[in-house]
Amino acid sequence: EDKVVQSPLSLVVHEGDTVTLNCSYEVTNFRSLLWYKQEKKAPTFLFMLTSSGIEKKSGRLSSILDKKELFSILNITATQTGDSAVYLCAVKGISQGAQKLVFGQGTRLTINP
Amino acid sequence: SQTIHQWPATLVQPVGSPLSLECTVEGTSNPNLYWYRQAAGRGLQLLFYSVGIGQISSEVPQNLSASRPQDRQFILSSKKLLLSDSGFYLCAWSPPDRVRLEQYFGPGTRLTVT
């Protein structure tokens, strides 16, 4: 059964710190890995990674995929209180059928001022 | 641009009552549509997905059903709610082509069954 595990489940840091969130997966015929940010309500799309070793970057957020070791990390530098959210990792594998994603349980990140 | 709507935003229903949650998408045609449930402190669990009108795939056996009466309308229903149906229900859409795999979520419905 396809599985996505995120760690840590919860993280509390001070504003300005750098954080690294982890996502490991087991999936048949991997297609892509996606990161979402969920604040109060709907998750918002951050990155999609399909190729190993290529970093995706958006401002202070960056993510990289290691297809050999089956994991991805999401880095946030110079954190701000607005970065507080649940970060979700999801993986798409071909055996799951059309366009279905398996989500991890999320990492709850709290940035204290 | 595309937008996705869900209603109601919050709902409190007694055990045994029926349920109907609605999701509509604007600005795209023939989207793939999804219903997820998120229990408190947990990840998203896929309940149903649809690749076209009248085409529904169920991911987990449960007390719920889904229907897609129109291209951009997705409805989640139950005839009799259980306490375990409480949670945060999210509708999502993705483009119909197989290349772009990202899904976009609606604002969600918080359901409390009492």
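Refer to the structure presented above.
Residues numbered from 1 in each chain as written. Chains lettered and ligands numbered in written order. Predicted model: local features only at pLDDT ≥ 70, side-chain atom pairs only at ≥ 80, totals over all residues. Heavy atoms only, no water.

A.B. asks: Account for the overall build of chain B, naming residues and giving values.
C.D. replies: Helix and strand counts for chain B stand at zero helices and eleven strands. When the helices and strands of chain B are listed from N to C terminus, the series reads β-β-β-β-β-β-β-β-β-β-β. The C-alpha radius of gyration computed for chain B amounts to 14 Å, which stays within 12% of the reference 13 Å derived for 114 residues, consistent with globular compactness. Each principal axis of the C-alpha atoms in chain B carries an extent, and together these give about 40 × 30 × 25 Å. Looking at chain B alone, contacts between residues at least 24 apart form 55% of all its contacts between residues at least 6 apart. Surface exposure of chain B reaches about 5400 Å², of which carbon and sulfur atoms provide 53%. Of the side-chain charges in chain B, 9 are positive and 7 negative, and the distance between the mean point of each set is 7 Å. (Helix = DSSP H or I, 4+ residues; strand = E, 2+ residues; numbered from the N terminus. Rg over C-alpha atoms; globule rule 2.2 N^0.38 Å. Contact = heavy atoms within 4.5 Å. Areas by Shrake-Rupley, 256 points an atom, 1.4 Å probe, with all protein chains shown as cover. Lys, Arg positive; Asp, Glu negative; His and termini not counted. Charge placed at Lys NZ, Arg CZ, Asp CG, Glu CD.)

A.B. asks: Just give me the short version of the packing of aromatic side chains, but keep the residues and values in it.
C.D. replies: Given two aromatic rings, their pairing is described by the distance between the two centres and the angle made by the two planes. Applying the stated criterion across every chain, the model contains twelve aromatic pairs over all chains. Summarising the aromatic geometry, the rings of Tyr36 of chain A and Phe103 of chain A are spaced 5.8 Å apart at their centres and angled 45° between planes, so their arrangement reads as tilted. Here Tyr36 of chain A is found in strand 4 (residues 30–38), whereas its partner Phe103 of chain A is found in strand 10 (residues 102–103), with 67 residues between them in sequence. Phe103 of chain A carries the same exposure label as Tyr36 of chain A, and that label is buried. The interplanar angle of 85° and the centroid separation of 5.4 Å between the aromatic rings of Phe103 of chain A and Tyr36 of chain B together place this pair among those described as edge-to-face. Placement of Phe103 of chain A in strand 10 and of Tyr36 of chain B in strand 4 (residues 32–38) is noted, with the two residues assigned to different chains. Grouped by ring-pair contacts, the aromatic residues Tyr36, Phe45 and Phe103 of chain A together with Tyr34, Tyr36, Tyr49, Trp93, Tyr104 and Phe105 of chain B constitute a single cluster. Positioned over the ring face of Phe88 of chain B is Arg110 of chain B, at 4.4 Å from the centre of the ring. (Phe/Tyr/Trp six-rings, centres within 6.5 Å; stacked < 30°, edge-to-face > 60°. Buried < 20%, exposed > 50% of the residue type's maximum accessible area, 1.4 Å probe, protein only. Lys NZ or Arg CZ within 6 Å of the ring centre and 35° of its normal.)

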